[in-house]
Amino acid sequence: MKFDRFDYFVWAILGGLALAIAGVVLAGDRVGARVLRTLPDAGGEVGALGPLGLEFAQPMQAASVEARFRLEPAVEGQLAWEGATLWFRPARALQPGVTYTARLEAGALSREGRATQRPLAWQFTVRAPYIAYLASVSGPREVWRAPAAGGAPEQLTQTDGQVYDFAVAPDGERLAYSVVNDQNGADLWLIDRDGGGVRQLLDCGADLCTVPAWSPRGDRLAYSREPAGLAPGAPNGPPRVWTVDPDSGQTAPLYQDSQVLGYGPVWSPDGRRLAFFDGGAGGIRLLDLETSQEMLIKTLMGAVGAWSPDGRRMLYTDMDLETGQPHVTLALADFDAQTLTPILGAESAWTDFSVPAWSPDGGWVALGLRSAESGPTKQLWLMRPDGGEARPLTRDPVYTFGGYRWDPWGTALVFQRFELNTPFATPEVGVLSVATGAVTMLVTDGATPEWLP
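Computed from a predicted model, the values in this text were never measured in an experiment.

Looking only at helices and strands, the protein features two helices and 37 strands. Each of the three principal axes of the protein carries a C-alpha extent, and together these read 115 × 55 × 50 Å. The buried share of the protein, reckoned over its 453 residues, is 46%. The contacts in the protein between residues at least 6 apart in sequence include a share of 43% that link residues at least 24 apart. Total accessible area computed for the protein in this model is approximately 22200 Å², and 53% of it derives from carbon and sulfur atoms.

Structure follows, in structure tokens:
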């Protein structure tokens, strides 16, 4: 067989392509598996609860990556994968003022067996927290934020005063809020922590979609939905709990049974259980999302209690009507044991309690308490979960305190207070140091504060 010039030219091209492909393969082996980016970027900031992320350019062998990842100083936490991204969520709040170093040793393998060639290290810090709150009584009702250490407030939402309520995502990056619409319903919206990224999550029409609650991982929202009335101007129907994916907007009722009512959903800290008040059943319904096991806690107070940090117990309030003089009681529900244990209620010096707030380490609870000495006001108290070692944190008979929430470190409480003796007084928002009792007042016209880590 005789070859002409054209044949030699074609063979030369094919040979060059083969060599190029071989070169690419060899270079790919030398490059190995690649990390596309770190979350946050090197030198960046995160909220107190993270999370930290490593995004790879290709699917990885999970065990080989996890065995090579660590933080300095060491931090306990959980690792989880979303596609080619590894997330680390700390078990305890990261400390402000500390520079952390995240490391990935070389040798982490992709699913094709390629290894990361070089060790990776990047540093990050923990940002100072803000307080998000609703303002105001005297002006448009919007979501604002202010530095927890004190400073100028900033308005986040722009709804012409139509915000109904809001909730902060666990990582502090986003907020969900409900906005009254022109059909007298309420839609759900999302906004970034700095006021950007505004988008409508759910168009609820004439339905009322309110009291959003983030799951601990921030991948789901639970909310209460009250269907529109049967006729224009008619009252809305009874509330039921729904959930929605904050990224896709896919939503569905928590129960297919329309007889199960629900308002004010609260996730357990481990994300396994969801609690809400079922007005039809007259109590707090607790649902295990993994096993569908339920527990119903009868209470006349109409509010969900406080989850323990391990998600297995709940402190809740009830009304005792059997003594001739009604009084509020505090009890502990154990989901695993299916037991209810009275904690407080028989003390003659304590006449009323608010829903408690469990500290992040589980060692203490804060609650609003009206005592014989405080007159008509409720003061902030601190006590053990069994009611022991109780002591007041505030002693100001001019103000009644509420809306209290722990910071991620268990060192401070944000609160709302209201002056009883002043006509047309507006609620105020402040932060109290548990160790020193020092109070930093942030705003004089704000309500329902939450930590924005």
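The discussion continues.
Turning our attention to the environment of Arg313. Considering the arrangement of structural elements, one finds Arg313 in strand β25 (residues 313-320). Its relative accessible area of 28% is what places Arg313 among the partly exposed residues. Sequence separation between Arg313 and Asp336 is 23 residues, and the spatial gap between their C-alpha atoms is 8.0 Å. The contact partners of Arg313, leaving out residues within four places of it in the chain, are Ala306, Trp307, Ser308, Leu332, Ala333, Asp334 and Trp358.

In this section: the side chain of Ser354. Relative to the helices and strands, Ser354 resides in the loop between β28 (350-353) and β29 (357-358). Here Lys378 takes part through its side chain, which lies 2.8 Å from a polar atom of the side chain of Ser354. Ignoring anything within four residues of it in the chain, the contact list for Ser354 reads Thr317, Leu367, Gly368, Lys378 and Tyr404.

Let's shift gears to the nonpolar core. With 26 residues, the main nonpolar core has Leu315, Leu330, Phe353, Leu367 and Trp406 as its most contacted residues. For this core, the secondary structure elements donating two or more residues are β26 (327-334), β27 (339-344), β29, β30 (365-371), β31 (379-383), β33 (399-406) and β34 (412-419). Grouped together as the second largest cluster of nonpolar side chains are 22 residues, Leu52, Leu54, Phe69 and Tyr100 included.

Note on terminology: disulfide describes a covalent bond linking the sulfur atoms of two cysteines. Throughout the structure, instances matching the rule amount to one disulfide. Linked covalently through their sulfurs, Cys204 and Cys209 form a disulfide whose S-S length is 2.1 Å. Between Cys204 and Cys209, the S-S dihedral sits near -110°, and the bridge is therefore left-handed. In terms of burial, Cys204 and Cys209 fall into one category: buried.

So, about the sheet that holds β25. The strand order across the open sheet built from four strands is β24-β25-β26-β27, with neighbouring strands paired in antiparallel fashion. In the strand order of this sheet, the two ends are held by β24 (306-307) and β27, each with one partner. Bridging between β25 and β26 involves eight bridges; their strand directions are antiparallel. Across the sheet, the residue bridging to Met314 is Ala333, located in β26.

Our next topic: the packing of aromatic side chains. The geometry of an aromatic ring pair is captured by the separation of the ring centres together with the interplanar angle, meaning the angle of the planes. Counting across every chain of the model gives five aromatic pairs. Residues Phe69 and Phe88 carry aromatic rings whose centres are separated by 5.9 Å and whose planes lie at 45° to one another, so their mutual orientation is tilted. With Phe69 in strand β4 (residues 69-72) and Phe88 in strand β6 (residues 85-90), the pair connects residues that are 19 residues apart, well separated along the chain. Of the residues examined, Phe69 reaches a relative accessible area of 14% and is grouped as buried. Residue Phe88 is classed as buried on the basis of its relative accessible area of 6%. Between Tyr100 and Phe124, the ring centres sit 5.6 Å apart and the planes meet at 15°, which makes this aromatic pair stacked. Here Tyr100, found in strand β7 (residues 100-104), pairs with Phe124, found in strand β8 (residues 120-126); they are 24 residues apart in sequence, far enough to count as distant. For the residue pair Tyr100 and Phe124, the accessibility class agrees, reading buried in each case. Residue placement shows Arg145 over the ring face of Tyr130; its charged tip is 4.1 Å from the ring centre. Across from the ring centre of Tyr399, 3.7 Å away, lies the NZ or CZ of Arg417, which sits over that ring.

In the sheet, strand β35 (residues 428-433) pairs with strand β36 (residues 439-443) via four bridges, with the strands oriented antiparallel. Pairing of Leu432 across the sheet is with Val439, part of β36. The hairpin formed by β35 and β36 contains five residues between the paired strands, and Gly437 there has a positive phi angle of roughly 80°.

With that settled, consider the side chain of Thr329. Note that Thr329 resides in strand β26. Residues contacting Thr329, with those up to four places away along its chain left out, are Tyr316, Thr317, Asp318, Asp320, Leu344, Gly345 and Phe353.

A side chain of one charge can pair with a side chain of the opposite charge if their charged atoms are brought near each other. Scanning the entire structure with this criterion turns up 21 salt bridges. In this structure, the salt-bridge partner of Arg405 is Glu450, at a minimum N-O distance of 3.9 Å. Taken as a pair, Arg405 in strand β33 and Glu450 in strand β37 (residues 447-452) lie far apart in primary sequence, 45 residues in all. Take Arg405: its relative accessible area is 42%, and that puts it in the partly exposed class. We classify Glu450 as buried; its relative accessible area is 12%. Between Glu428 and Arg417 there is a salt bridge, and its shortest N-O distance comes to 2.8 Å. Of the two residues, Glu428 sits in strand β35 while Arg417 sits in strand β34, which places them eleven residues apart along the sequence. Take Glu428: its relative accessible area is 14%, and that puts it in the buried class. For Arg417, a relative accessible area of 14% gives the class buried.

Rules behind the numbers
- Residues numbered from 1 in each chain as written.
- Predicted model: local features only at pLDDT ≥ 70, side-chain atom pairs only at ≥ 80, totals over all residues.
- Heavy atoms only, no water.
- Helix = DSSP H or I, 4+ residues; strand = E, 2+ residues; numbered from the N terminus.
- Buried < 20%, exposed > 50% of the residue type's maximum accessible area, 1.4 Å probe, protein only.
- Contact = heavy atoms within 4.5 Å.
- Areas by Shrake-Rupley, 256 points an atom, 1.4 Å probe, with all protein chains shown as cover.
- Polar contact = N/O pair within 3.5 Å; in protein donor to acceptor, adjacent residues only side chain to side chain.
- Core = buried A, V, L, I, M, F, W, Y, C linked by side-chain atoms within 4.5 Å.
- Disulfide = S-S within 2.5 Å.
- Pairing = 2+ DSSP bridges.
- Phe/Tyr/Trp six-rings, centres within 6.5 Å; stacked < 30°, edge-to-face > 60°.
- Lys NZ or Arg CZ within 6 Å of the ring centre and 35° of its normal.
- Salt bridge = Lys/Arg side-chain N within 4 Å of Asp/Glu carboxyl O.

Any functional reading would require information that these geometric values do not contain.
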